[in-house]
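An overview of the molecular structure
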There are 2 protein chains.
Amino acid sequence: MQESVDLGPEQCTLLLGAGITGRVALSSPDGPHIVPVNYSVVGEAVIMRTSPYSVLGTYGRGSMLAFEVDWFDHERWRGWSVVVRGRANVVTDPLELDRIRTTWDPQPWAAGARNLYLRLHWSEISGRQIGVGWDPVETLPVRRAV
Amino acid sequence: MQESVDLGPEQCTLLLGAGITGRVALSSPDGPHIVPVNYSVVGEAVIMRTSPYSVLGTYGRGSMLAFEVDWFDHERWRGWSVVVRGRANVVTDPLELDRIRTTWDPQPWAAGARNLYLRLHWSEISGRQIGVGWDPVETLPVRRAV
């Protein structure tokens, strides 16, 4: 068993900002869904691109969402995770879209039109580290040039 | 951009059965939550251990849940994900608990009492591969001796 400690908001923001893929959870009339997505962080918001007809595009707009990134080392029973929660809105303001595109346009890997920009402005951010004596920031596989 | 293909149920089951950590999504009165968990697969069900007082223990029992595992290669824009959905129930039958423990007892890494066994018997299983010409099974970092 490993000790588990809460991460502070600054460390959570750093880990969240360095990621590329995460998972978004949403509630729909037939229960929760979980969808892996590419994302970027602009200000205190997670930006995702999707199609208006996807599960995320249909039930995600104007709704509360939860978004998660994590890293686990199965050999050493170590890991960290960061979760943000908040309401998501469709970004339509051209100035805001410009800001997103110049900061970091989230690039969907899969082909297909994903012209709906969802912005999850978080009202909660929390994170947890399992196993102590090491720095979660050192696990980041890819650093973004910000 | 990469081509995206659906994975068949057999491949989904194989990938799901080889994993150790995943994320479970649940709906609560204040919106969806997403929780990283250790898990095991017994029959056509995902088994998770949690505390009765956790978010998962409180809102997960008797509810629809979605559970996800994935793998991504950020360098090559490749990845796969598998999602199952279904209703979760608390396992209380001693014979069933014995079966779970002898098959593979999900081991929470973090310290703390997690004596509630939740079983997500899936009614849907689906998966997706992004990028083609490679086999998702080759990406499995850890094989279970089943």
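The structure presented is a predicted model; accordingly, all values stated were derived computationally and were not measured. (Residues numbered from 1 in each chain as written. Chains lettered and ligands numbered in written order. Predicted model: local features only at pLDDT ≥ 70, side-chain atom pairs only at ≥ 80, totals over all residues. Heavy atoms only, no water.)

Regarding the overall build of chain A
Convention followed: Each helix corresponds to a stretch of at least 4 residues labelled H or I by DSSP, and each strand to a stretch of at least 2 residues labelled E; elements are numbered beginning at the N terminus. All radius of gyration figures rest on C-alpha atoms, and the globule criterion is 2.2 Å times the number of residues raised to 0.38. Classification of residues uses two cut-offs on accessible area relative to the type maximum, computed with a 1.4 Å probe and protein chains only: under 20% is buried, over 50% is exposed, and between them is partly exposed. Note on definitions: a residue-residue contact is assigned when non-hydrogen atoms from the two residues lie within 4.5 Å. To measure how exposed things are, a 1.4 Å probe is used in the Shrake-Rupley method; for residues, cover is taken only from the protein chains shown.
Of the regular secondary structure elements, chain A holds 3 helices and 7 strands. Taking 146 residues into account, the globule formula puts the C-alpha radius of gyration at 15 Å, and chain A, at 16 Å, falls close to it. Along the longest, intermediate and shortest principal axes, the C-alpha atoms of chain A span 45 × 40 × 30 Å. Burial analysis of chain A (146 residues in total) assigns 53% to the buried set. Here the analysis covers contacts within chain A between residues at least 6 apart in sequence; of these, 70% occur between residues at least 24 apart. Accessible area of chain A: about 6800 Å², with a carbon and sulfur share of 50%.

Considerations on the packing of aromatic side chains
Residues and elements named next belong to chain A. To keep things clear, this is the line we draw: Any pair of Phe, Tyr and Trp rings, taking the six-membered ring for Trp, is counted once the centres come within 6.5 Å. Such a pair is stacked with planes under 30 degrees apart, edge-to-face with planes over 60 apart, and tilted for the rest.
Enumeration according to the criterion identifies 4 aromatic pairs over all chains in this entry. A centroid spacing of 5.7 Å and a plane angle of 55 degrees characterise the contact between W71 and W134, whose relative ring orientation is tilted. Of the two residues, W71 sits in strand 5 (residues 64–73) while W134 sits in the segment after strand 7 (116–130), which places them 63 residues apart along the sequence.

Here we look at the pattern of salt bridges
Here is the rule we go by: We count a salt bridge whenever a side-chain nitrogen from Lys or Arg sits within 4 Å of a carboxyl oxygen from Asp or Glu.
In total, this model carries 18 salt bridges over all chains according to the counting rule given. Between R23 of chain B and D70 of chain A there is a salt bridge, with its nearest N and O atoms 2.7 Å apart. In this pair, R23 of chain B sits in strand 2 (residues 21–28) while D70 of chain A sits in strand 5, so the two residues belong to two different chains.

Section: the environment of M64 of chain A
Of note, M64 of chain A is situated in strand 5. Placed 67 residues apart in sequence, M64 of chain A and G131 of chain A show a C-alpha to C-alpha distance of 31 Å. Leave out the neighbours within four places in its chain, and M64 of chain A touches R85, G86 and R87 of chain A together with D30, G31 and P32 of chain B.

Concerning unusual backbone geometry
The backbone phi angle of W77 of chain A is positive, close to 55 degrees, even though this residue is not glycine. With respect to the element layout, W77 of chain A can be found in the loop between strand 5 and strand 6 (78–90).

Observations regarding the interface of chain B and chain A
For clarity, the threshold we go by: Buried area adds together the accessible area that both of two parts lose upon being put together, with accessible area traced by a 1.4 Å probe. We call two N or O atoms a polar contact when they sit within 3.5 Å, provided that within protein one can donate a hydrogen and the other can accept it, with sequence-adjacent residues counted only if both atoms are side-chain atoms. We call Asp, Glu, Lys and Arg charged. Ala, Val, Leu, Ile, Met, Phe, Trp, Tyr, Cys and Pro are nonpolar, and the rest, Gly among them, are polar.
If you look at the interface, chain B gives 40 residues, while chain A gives 40 residues. When the two sides are added together, the surface that chain B and chain A hide from each other amounts to roughly 3500 Å², 64% of it contributed by carbon and sulfur. When residues of chain B are sorted by the area they lose upon contact with chain A, P32, I34 and W109 of chain B head the list and together hold 24% of the total. Close ionic contact of D30 of chain A with R85 of chain B constitutes a salt bridge, the shortest N to O distance being 3.4 Å. Our count for the contact surface shared by chain B and chain A stands at 13 residue pairs in polar contact (both at pLDDT 80 or more). Elements with a minimum of two residues in the side of chain B that touches chain A: strand 2, strand 3 (31–42), strand 5 (64–73), strand 6 (78–90) and strand 7 (116–130) of chain B. For the side of chain B that touches chain A, the element with the most residues is strand 5 of chain B, which contributes 8 residues. Looking at the side of chain B that touches chain A, its residues break down into 20 nonpolar, 10 polar and 10 charged.

What about the relation of the copies chain B and chain A?
Condition: Superposing copies: least-squares fit, C-alpha atoms only, residues required to have pLDDT of at least 70 in both.
Least-squares fitting of chain B to chain A yields an RMSD of 0.0 Å, with the transformation described by 0.0 Å of translation along the axis and a rotation of 180 degrees. What the superposition gives is, in effect, a two-fold axis relating one chain to the other. A symmetric contact is evident, with 100% of the interface residues of chain B recurring at the interface of chain A.

What to know about the environment of S63 of chain A
Residue and element names in this part refer to chain A. Mapped onto the secondary structure, S63 falls in the loop between helix 2 (55–59) and strand 5. With 44 residues separating them in the primary sequence, S63 and G19 have C-alpha atoms 23 Å apart. Leave out the neighbours within four places in its chain, and S63 touches G86, R87 and A88.

With respect to the pairing of strand 3 (residues 31–42) of chain A
Residue and element names in this part refer to chain A. Defined as follows: A strand pair is defined by DSSP finding two or more bridges across the two strands.
With 11 of 12 residues buried, strand 3 is to be regarded as a mostly interior element. Two strands pair when backbone bridges link them, and strand 2 (residues 21–28) and strand 3 are joined in this way by 8 bridges, in the antiparallel orientation. In the strand pairing of strand 3, L26 is matched with H33. Bridging between strand 3 and strand 4 (residues 45–50) involves 4 bridges; their strand directions are antiparallel.

Quick word on the side chain of S51 of chain B
Residues and elements named next belong to chain B. Relative to the helices and strands, S51 resides in the loop between strand 4 (45–50) and helix 2 (55–59). Side-chain polar atoms of S51 contact the backbone nitrogen of Y53, separated by 3.0 Å. In this structure S51 touches G57, A113, R114 and L116, once residues within four positions along its chain are discounted.

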